[in-house]
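Overview (structure and organization)
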Amino acid sequence: MTETLRYSADGRIVDLRSLLDGLLASGQLSERDHGRLVMASRSAEQAAMHPINFIASQQLSDQTKKHKKIDVSCMLQWLSEQSGQPCMRIDPLKIDVAAVSAVMSYAFASRHQILALAVDSDEVVVASAQPWVNSWEADLSHVTSRNIRRVIVDPADIKKYQVEFYTLARSISGASSEAGQAAGLTNLEAMLELGQMKDPDANDEHIVNIVDWLLGYAFNQRASDIHIEPRRERGKVRFRIDGVLHTIYEFPAQVTTAVISRIKILGRLDVAEKRRPQDGRLKTRRPDAGEVELRLSTLPTAFGEKLVMRIFDPTVLNQGFDELGLLKEDLNRWQRLLASPNGIILVTGPTGSGKTTTLYSSLRRLASDEVNLCTIEDPIEMIEPMFNQMQVNANIDLDFATGVRALLRQDPDVIMVGEIRDAETAEMATQAALTGHLMLSTLHTNDAPSAVTRLLEIGVPAYLLRASLNGVMAQRLVRTLCPHCKEQVPVDSLAWTALTAPWRVAPPAHIFTAKGCDECRHTGFRGRQGIYEILVISDQVREHIRSDTDLKKLSEQAMREGMRTLRLSGAQKVAAGLTTIEEVLRVVPPSVDKQ
C-alpha cells in the first residue's frame, strides 16, 4: 500500500485513491467496493470531506475481520504502522488550550491542517492526518525553539478543534485586553491599580462567545455540573463527569467575573448583588437541538463569587427504570409501592446520588389526565407540563410545611415534597398520607432503614409513622465500566468477601475490571447507574417501628422479606459485569451497611 501514495513537493500525500488502493492491496477492501468508490472519487460529498472521513462514512466491510467495518481508527492505525508515528484521539479535557493555541497562529495551523496538542520546554506535540507532509516542521521548530513530535489524528477532529481552540483563545485574549490589569473588587486581597479599574462587560461579544463555548463544551462532554471558581490570580473552570471533577480551563480573574455576570444575567439573577448566595435557572438548547435546563447557585468566597451550574437533561429524567439500573426484583417492589393509593414513599441518599432523577421518573409514570399531581420544591429542578409545581420562597415565608398545607386544599391525588427537613414538614406529610394522599419526598440518610429512626428523631410519633410510611428507597450512583475496554479477570476472593460480608454470597465465575481507552479517557468507566436498597414497610416490619426502634432488628426483618442492601445490590452489578468491586466500595463504604 505504501507504494500507491501520491507525492508532492514536501512528501507523500494521503488522498482517496491512495487509501483505496492500499486497502485493496491489504485485502481489507473488496474489488467491488474499490471500483465503486474510485468512480465516486470526484463526487461533491467526497470533495467536502477528508478522504479518511469519506471512506469511514461509507461503512465498508473489512474483508479481513468478520463483522468489522473500515472506520477512522482502522485507517489511522494503518497510517501509524506505515509512518512510524503514533495515532491518538484528541481528548479536549487534557489539553491546555491557552498554551497550545499560542504555539502557532490559526492561519498557519489551518493552512497546513495541523494542531498543537501539548507543549513543554523541550517539545511540541503536533497532530496531523498527513504523516509524510513535513514542509512546516522546520519553520515551527525554529519559531518555538523546540523539537516537534508528531501524532496522527482524525482529520475531522483537527478541523473541529482548530476552530474551537482558536476561537476560545481569541475571545479570552480580547476580554482580557479590555479588562486591563485590575483585580476584581470582590477579591479580599485585591491590589488597587489606580486608573485601571475596568472589567469586561458581561454582554461583550468575547464574553458571550466564552459562555456559549462553555455550555456547549459541557453538553458534549456529558458533564452533570459546571463549577466556575475564582482564585487570587485566575479563575478555574471544572466539570463533573461521571461523578468526578475535571479541571477544564483557567480564565484571568476579570474574565471569570464577567463570565459569571453573563450567566447571572441569563439566569435572571441580581447581577449587582455579590455578597449573598443566589439561586436561579436558565434553559438552553444542546447542539443537537435538545432542550437542557440548568440550575444556578452562586456563593460569595474570598476571591469573588463562585458559580455552580447543575445540568438537567430531560432525556435523563425520561429514562425508564431499567435504564436507571433497577433490577427486576427491585423494580417490582418499587412499582408496587408507587401503586399505593396513599401513604409516604421516601427516597434517601446524599447529594448527587440521583434522587431527583428517580423521583421525576416515578412521578412521570403516575401523572395522567385523571390525576392531580402537585409538587413543592426548593428549587424546581425541571419544569414538567403534567405537574403543578410550586417553589419554596423564604422571602414570603413559603416553606415546605406551608406549601403542603396549601396543597391539601387543592384537591391533590399525589404530592411530592422536595425534602423533609423539620418536624412541621414531617407532620404535614404524615397528615396528608393519612387523609388519602400519596406523598413522595426525600431524606438524607445513609441507608433505607435509617429513614425510620431519622423521622422519629425529627419528632414524628411512632404510631403516625406506622400508619403512614409505605416504603423507603436508598440509592447511590456507581460508575459503569466502559464497554469498549473492560477486561475479564478472575474474582479476587478477599475483595469479594469484603464487598459481601457479613453475608455468604457465592462469587461469580469471573468479573470485569477497568482498563482504559480513548472512549473513556483512560478512566475505564463511562456513564453511571444506580444501586438501590428498597425497604417495604410490611406488617411484620411495622411492628418494629417504636419510639425505641431497634434498627438492627428492623433491618433483619426487612432482609428476610427480600430487602437487598446497597452493597449487595452493588455486588449484583459487579457479577453482571457492569462495574467493579472497588467502585462499589468507594461509593458505599462498609460502614453504611451496618446490618
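Predicted model, so just to flag it, every value in this text is computed and none were measured.

1. A closer look at the nonpolar core
I226, F239 and V259 are the most contacted members of the largest nonpolar core, which has 60 residues in total. Considering every element that reaches this core, the biggest residue donor is helix α10 (residues 205–220), with nine residues. When residues of this core are assigned to domains, at least three fall in each of domain 2 (97–153) and domain 3 (163–177 + 204–312). Once residues lying within four places of it in the same chain are set aside, the contact partners of V259 are I207, I210, V211, L214, I228 and F251. Grouped together as the second largest cluster of nonpolar side chains are 43 residues, V392, A426, A432 and L469 included.

2. Looking at the sheet that holds strand β7 (residues 234–241)
Spatial ordering of the open sheet is given by β8-β7-β6-β11-β10-β9, a layout of six strands whose pairing is antiparallel. Looking at which strands have only one partner, the edges of the open sheet turn out to be β8 (244–252) and β9 (278–285). With direction set aside, neighbouring strand axes in the sheet form an average angle of 20 degrees. Where β7 lies against β8, eight bridges are found, and the strand directions are antiparallel. Pairing of I241 across the sheet is with V244, part of β8.

3. Here we look at the sheet that holds strand β14 (residues 388–391)
Spatially, β14-β13-β15-β16-β12-β17-β20 is the arrangement adopted by the seven strands of the open sheet, whose pairing is mixed. With one partner strand each, in any of the chains shown, β14 and β20 (525–536) form the two edges of the open sheet. Averaged over all neighbouring strand pairs, the angle between strand axes comes to 20 degrees, with direction disregarded. As paired elements, strand β12 (residues 343–348) and strand β16 (residues 438–443) share six bridges and run parallel to each other. For I345, the partnering residue across the bridge sits in β16 and is L440. Sheet strands touched by helix α14 (residues 328–338): β12, β16, β17 (469–481) and β20. Its angle to β20, the strand with the most contacts, is close to 60 degrees. Strands β12, β13 (373–377), β14, β15 (414–417), β16, β17 and β20 of the sheet are contacted by helix α15 (residues 355–366), whose axis makes an angle of about 170 degrees with β16.

4. Digging into the pattern of salt bridges
Tallied over the entire structure, the rule returns 27 salt bridges. The partner of R222 in a salt bridge is D242, and the shortest N-O contact between them spans 3.2 Å. Of this pair, R222 sits in the loop between α10 and β6 (223–229) while D242 sits in the loop between β7 and β8, placing them 20 residues apart in sequence. Put simply, R479 and E583 hold a salt bridge, and the shortest N to O gap is 3.1 Å. Of the two residues, R479 is situated in strand β17 and E583 in helix α24 (residues 581–587); the sequence distance between them amounts to 104 residues.

5. Looking at the packing of α10 against helix α11 (residues 253–266)
Two numbers describe how α10 lies on α11: the axes approach to 10 Å, and their chain directions differ by 75 degrees. By the angle between their directions, the pair α10 and α11 is classed as roughly perpendicular. In contact with I207, V208, I210, V211 and L214 of α10, α11 contributes V255, A258, V259, R262, I263 and L266. Its residues placed into classes, the contact of α10 with α11 shows ten nonpolar, no polar and one charged.

Reading guide: rules and limits
Residues numbered from 1 in each chain as written. Predicted model: local features only at pLDDT ≥ 70, side-chain atom pairs only at ≥ 80, totals over all residues. Heavy atoms only, no water. Core = buried A, V, L, I, M, F, W, Y, C linked by side-chain atoms within 4.5 Å. Buried < 20%, exposed > 50% of the residue type's maximum accessible area, 1.4 Å probe, protein only. Helix = DSSP H or I, 4+ residues; strand = E, 2+ residues; numbered from the N terminus. Domains from an automatic or database assignment. Contact = heavy atoms within 4.5 Å. Pairing = 2+ DSSP bridges. Axes fitted to C-alpha atoms, helices over the stretch in contact; angles between N-to-C directions. Salt bridge = Lys/Arg side-chain N within 4 Å of Asp/Glu carboxyl O. Parallel < 35°, antiparallel > 145°, perpendicular 65-115°, else oblique. Nonpolar A, V, L, I, M, F, W, Y, C, P; charged D, E, K, R; others polar.

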